[in-house]
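# Structural overview for review
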Amino acid sequence: MSESILIIEDEVDIAQLIGFNFERNGYLVDIVHDGHEGLEKVLKNQPDLVILDLMLPGIDGYQILKQMQRDPRSHSIPVLMLTAKSQIDDRLTGLELGADDYVTKPFSPKELILRAKAILKRNRVTPVSEDFSHGPFRFDKDNLAFFINDEPVSLSSIEFKLFLFLCQRPGQPQDRNNLLKVIWGYSDEIHSRTLDTHMKRLRQKLGKEGSFIETIRGIGYQVRQPT
């Protein structure tokens, strides 16, 4: 079955260009030009990937990202930001709100497709995957659901993959660049800065169990063994 792409972009010509290129690569495409309608489509249709402009009528892309992270129907849907804003702080804000990657305008359709394919590949669920447990934590890899002592805790898809990767390697310090490449596919300054934000947010969501995550100075992070 073809994977579905929802494009939320208010510039009609750009939206049609993006849609044409994704359809040519075998994807099912839906296009909306308004933030409110875009969020409604995300929650109703739950596409495999959202291509999201940040500057939109109705509500902007930042608000859409926030709402997607709060809603269990959408918190695991990957998002590729598409924006004219090139300042580092704007890109950081989007990534810290849960976006998986970004492309700035003007953009190459080929690069956009490659970035989208990389996100979809990382987000694809293996049908035969099993639950994984480490101490009080349980990962339902089929549904990207996470539990602490059998109580559900909402993690974004990035937080889920990041923490699962660390928990599968307890007591083994993980280099920052390796974590960046595993989660985002490549390492750069912006993703390196947002990695720390994701780790801080992850610790907060784990509550008292956040102490399982240890910062290894000069290297990166590790998850400790249960006592």
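Each remark here, short or long, concerns the structure printed above.
Cut-offs used in this document
Residues numbered from 1 in each chain as written. Predicted model: local features only at pLDDT ≥ 70, side-chain atom pairs only at ≥ 80, totals over all residues. Heavy atoms only, no water. Helix = DSSP H or I, 4+ residues; strand = E, 2+ residues; numbered from the N terminus. Rg over C-alpha atoms; globule rule 2.2 N^0.38 Å. Buried < 20%, exposed > 50% of the residue type's maximum accessible area, 1.4 Å probe, protein only. Contact = heavy atoms within 4.5 Å. Areas by Shrake-Rupley, 256 points an atom, 1.4 Å probe, with all protein chains shown as cover. Lys, Arg positive; Asp, Glu negative; His and termini not counted. Charge placed at Lys NZ, Arg CZ, Asp CG, Glu CD. Salt bridge = Lys/Arg side-chain N within 4 Å of Asp/Glu carboxyl O. Phe/Tyr/Trp six-rings, centres within 6.5 Å; stacked < 30°, edge-to-face > 60°. Lys NZ or Arg CZ within 6 Å of the ring centre and 35° of its normal. Core = buried A, V, L, I, M, F, W, Y, C linked by side-chain atoms within 4.5 Å.

This brings us to the overall build of the protein chain. The helix and strand tally for the protein chain stands at 8 helices and 12 strands. The C-alpha radius of gyration of the protein chain comes to 18 Å, within 12% of the 17 Å expected for a compact globule of 227 residues. Among the 227 residues that make up the protein chain, the fraction classed as buried is 48%. Taking the intrachain contacts of the protein chain between residues at least 6 apart in sequence as the baseline, contacts between residues at least 24 apart amount to 58%. Within the structure as shown, the protein chain displays about 11000 Å² of accessible surface, and the carbon and sulfur contribution to it stands at 49%. Counting 29 positive and 33 negative side-chain charges, the protein chain places the averaged centre of each group 5 Å from the other.

Okay, the pattern of salt bridges next. Any two side chains of opposite charge can pair, on the condition that their charged atoms come close. One pass over the structure, following the stated rule, counts 11 salt bridges. Of the charged contacts, one joins Glu11 and Lys105 as a salt bridge, the two residues approaching to 3.4 Å between their closest N and O atoms. Highlighted residues: Glu11 in the loop between strand S1 (4–8) and helix H1 (12–24) and Lys105 in the loop between strand S5 (101–104) and helix H5 (109–123), separated in sequence by 94 residues. Between Asp150 and Arg138 there is a salt bridge, and its shortest N-O distance comes to 3.8 Å. In this pair, Asp150 is assigned in the loop between strand S8 (145–148) and strand S9 (151–153) and Arg138 in strand S7 (residues 137–140), connecting sequence segments 12 residues apart. For Asp150, a relative accessible area of 58% translates into the label exposed. Several salt bridges converge on common partners, so that one network encompasses Glu9, Glu11, Asp53 and Lys105.

This next bit is on the packing of aromatic side chains. Each aromatic ring pair is characterised by the separation of its centres together with the angle its planes make. Tallying each qualifying case throughout the model produces 9 aromatic pairs. Plain terms: the ring middles of Phe139 and Phe146 are 5.0 Å apart, the flat faces sit at 50° to each other, and that makes the pair tilted. The exposure classification of Phe139 matches that of Phe146, with both residues buried. Seen from their ring centres, Phe139 and Phe163 are 5.7 Å apart, and the 50° between their planes marks the pair as tilted. Here the residue Phe139 occupies a position in strand S7, and Phe163 occupies one in helix H6 (residues 157–167), the gap between them amounting to 24 residues. Across this residue pair, the class does not change: Phe139 and Phe163 are buried. Taken together, the ring pairs connect Phe132, Phe137, Phe139, Phe146, Phe160, Phe163 and Phe212 into an aromatic cluster. Note that Arg138 overlies the ring of Phe147, its terminal NZ or CZ placed 4.1 Å from the centroid. Above the face of the Phe165 ring, Arg169 is positioned so that its terminal group lies 3.7 Å from the ring centre.

Right, let's talk about the nonpolar core for a bit. Of all hydrophobic cores here, the largest spans 26 residues; its most connected members are Phe137, Phe139, Phe146, Phe163, Leu195, Leu206 and Ile213. For this core, the secondary-structure elements that each account for two or more residues are S7, S8, H6, helix H7 (176–184), helix H8 (189–206) and strand S12 (220–223). Here this core gets 8 residues from one element, more than from any other, and that element is H6. Beyond its immediate chain neighbours, meaning those up to four positions away, Phe137 contacts Phe132, Phe146, Phe147, Ile148, Phe163, Cys167, Leu206, Glu209 and Phe212.

Before going further, it helps to examine the environment of Leu52. One can find Leu52 in strand S3 (residues 49–53). For Leu52, a relative accessible area of 0% puts it in the buried group. For the pair Leu52 and Ala99, spaced 47 residues apart in the sequence, the C-alpha separation amounts to 9.1 Å. Once residues within four sequence positions are removed from consideration, Leu52 is found in contact with Ile8, Gly61, Ile64, Leu65, Val79, Leu80, Met81 and Leu82.

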